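Examination of the molecular architecture
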Amino acid sequence: CELGFACVGGVKTSCNGFGQYSDETGLPACKIAPAGTKPTSDHLGVESCAAGTYSVGGADECSTCGAGEMSEEGAAGCST
C-alpha cells in the first residue's frame, strides 16, 4: 500500500479525510493529525500550525486565535 493510503484485507482507502494523513507505506489505518498540526495539502504528512493559530488535533485546518489571544507555532490552544 503506497503513501497516502491505508490498506486492510486488500482494500485500499485514501487518507484524505478530515484530519487524516499517511506518511508511511503499508499502513493498516490512516493517521490523525496530532494537536498543534494539520495535514499537508497532499495528506502525506503534517505541518505545524502557524503562530496565532492552533489545532486540538484531527483537523484539516488550524483555527485562528480569538481577539486578544495568541499562540506560538505548533500550539494546541491559545492564551491571553
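The structure this text deals with has already been given above.
Here's what I pulled together on the structure shown here. These figures come from a predicted structure and were not determined experimentally. (Residues numbered from 1 in each chain as written. Predicted model: local features only at pLDDT ≥ 70, side-chain atom pairs only at ≥ 80, totals over all residues. Heavy atoms only, no water.)

Scanning the entire structure with this criterion turns up zero aromatic pairs. The ring of Phe-5 has Lys-12 sitting right over it, with the charged end atom 4.5 Å from the ring centre. (Phe/Tyr/Trp six-rings, centres within 6.5 Å; stacked < 30°, edge-to-face > 60°. Lys NZ or Arg CZ within 6 Å of the ring centre and 35° of its normal.)

Looking now at unusual backbone geometry. Positioned with a positive phi, His-43 is a non-glycine residue whose angle comes to about 60°. If you trace the backbone, His-43 turns up in the loop between strand E5 (37-39) and strand E6 (46-48). (Helix = DSSP H or I, 4+ residues; strand = E, 2+ residues; numbered from the N terminus.)

The subject of this paragraph is the state of the cysteines. Applying the stated criterion across every chain yields a total of four disulfides. Between the sulfur atoms of Cys-15 and its disulfide mate Cys-30 the distance is 2.0 Å. Around the S-S axis, the bridge from Cys-15 to Cys-30 shows a dihedral of about -85° and counts as left-handed. Here Cys-15 is found in the loop between strand E2 (11-14) and strand E3 (20-21), whereas its partner Cys-30 is found in the loop between E3 and strand E4 (31-32), with 15 residues between them in sequence. For the pair Cys-15 and Cys-30, a shared accessibility class is recorded, and that class is buried. (Disulfide = S-S within 2.5 Å. Buried < 20%, exposed > 50% of the residue type's maximum accessible area, 1.4 Å probe, protein only.)

One pass over the full model with this rule turns up five salt bridges. In this structure, Lys-31 engages Asp-23 in a salt bridge whose closest nitrogen and oxygen atoms are separated by 2.7 Å. The class of Asp-23 is partly exposed, set by a relative accessible area of 35%. Two residues, Glu-47 and Lys-38, come together in a salt bridge whose shortest N-O distance is 3.6 Å. Since its relative accessible area comes to 18%, Lys-38 is described here as buried. Sharing partners across several salt bridges, the network here consists of Asp-23, Glu-24 and Lys-31. (Salt bridge = Lys/Arg side-chain N within 4 Å of Asp/Glu carboxyl O.)

A separate point is the environment of His-43. Take His-43: its relative accessible area is 13%, and that puts it in the buried class. Linking His-43 and Asn-16, residues 27 residues apart in sequence, is a C-alpha distance of 5.8 Å. Once residues within four sequence positions are removed from consideration, His-43 is found in contact with Cys-15, Asn-16, Gly-17, Gln-20, Tyr-21, Ser-22 and Asp-60. Polar contacts involving the side chain of His-43 include one to the main-chain carbonyl oxygen of Cys-15, which spans 3.5 Å. (Contact = heavy atoms within 4.5 Å. Polar contact = N/O pair within 3.5 Å; in protein donor to acceptor, adjacent residues only side chain to side chain.)

Another point: the pairing of strand E1 (residues 5-8). Here four bridges tie E1 to E2, and the two strands are oriented antiparallel to one another. Directly across from Ala-6, in E2, lies its bridge partner Thr-13. Taking the residues between adjacent antiparallel strands as the criterion, E1 and E2 are bridged by two residues, where Gly-9 takes a positive phi near 60°. (Pairing = 2+ DSSP bridges.)

Geometric values such as these leave the question of function open.
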